[in-house]
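# A closer look at the structure
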Amino acid sequence: MKLKRILGIDIGGSGVKGGIVDTKKGILITERYRIPTPQPATPEAVAEVVGKIAKHFKWEGPIGAGFPGVIQQGIARTAANVDNSWIDKDLNKLFSNATGCNTHVVNDADAAGMAEVKFGAGNGKKGTLLLVTVGTGLGTVIFSNGKLVPNLEMGHILLHGADAELYATDAARKKHNMDWDTWAKRFNEYLLRMEELVWPDHIIIGGGASKKGDKFFHHFTTKAKVVPAKLMNEAGIVGAAMVSKYYTKLESGK
Ligand code: BGC
């Protein structure tokens, strides 16, 4: 089976994005195709969109998808920014049925982290690496000497007695009309708290907001150097494809 090209899909709170990935080079070889996330973002409605993305690319091979919640062996366990009816659904099955292609689903931040460590700003980094994706939610990933601990969910630690995600994510910035400086100071508080908890050697900021890095990186005061993700908001698509390649190989016994 040829696994050089895989369709990667990133399911987000505001958009579902897909592209065909060259898994050897870690790049998209097509334009990104985006459909707004249906509201309410129920499993059936999102599965239909995922099916449309596969159809758009006339895709018949394996698919990898990143989902914004905890995923254990393809089963969703949380759904912070999508509909609660996702919980305990078998997403590998749901999306495989919707696309007619063998689909593997993982946590979206884990997917982005895999891509960033192999092909981006995390490449070759030794020690503990923390990657935070800033978008609708706060996704967190830790690699220890290149090894991932999946489903970390540290975007939900408490800050000022409430879920950090409500205080420091990009959705909070938009919701409360914060200017970049105000938001960046809040996000810095989050990073400082994370530093106290996990002592990363390197910090990478990914997700949609990473494109605007020049507006806020100077506010960060952590001991570890903070750098923007290199793959920016394509990391989720590339990483989902990489994970699909891994599982497809495993299943075929090669
Ligand atoms: C979810 C995580 C997800 C992150 C980024 C959080 O609300 O709990 O699972 O990785 O958002 O989408």
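These lines cover the structure that appears in this document, whether it is placed above or below.

Rules of the game
Residues numbered from 1 in each chain as written. Predicted model: local features only at pLDDT ≥ 70, side-chain atom pairs only at ≥ 80, totals over all residues. Heavy atoms only, no water. Near = heavy atom within 4 Å. Polar contact = N/O pair within 3.5 Å; in protein donor to acceptor, adjacent residues only side chain to side chain. Areas by Shrake-Rupley, 256 points an atom, 1.4 Å probe, with all protein chains shown as cover. Helix = DSSP H or I, 4+ residues; strand = E, 2+ residues; numbered from the N terminus. Nonpolar A, V, L, I, M, F, W, Y, C, P; charged D, E, K, R; others polar. Domains from an automatic or database assignment. Buried < 20%, exposed > 50% of the residue type's maximum accessible area, 1.4 Å probe, protein only.

Looking now at the site of the ligand. Around the ligand there are 13 residues in total, and Asn107, Asp108, Glu153, His156 and Glu165 lie nearest to it. Gly69 places a polar main-chain atom, nitrogen or oxygen, 3.3 Å from an oxygen atom of the ligand. At 2.6 Å, a side-chain N or O of Glu165 approaches an oxygen atom of the ligand. Here the ligand loses 95% of its free accessible area of 310 Å² to cover by the protein chains. Elements represented by at least two residues in the shell around the ligand include exactly α3 (108-119) and β10 (138-144). Taken together, the residues that form the shell around the ligand break down as 4 nonpolar, 6 polar and 3 charged. Each of two domains, domain 1 (5-110 + 234-252) and domain 2 (122-229), supplies a minimum of three residues to the shell around the ligand.

Relative to the assigned elements, Glu48 resides in helix α1 (residues 43-56). Accessibility expressed as a relative area gives 53% for Glu48, which makes it exposed.

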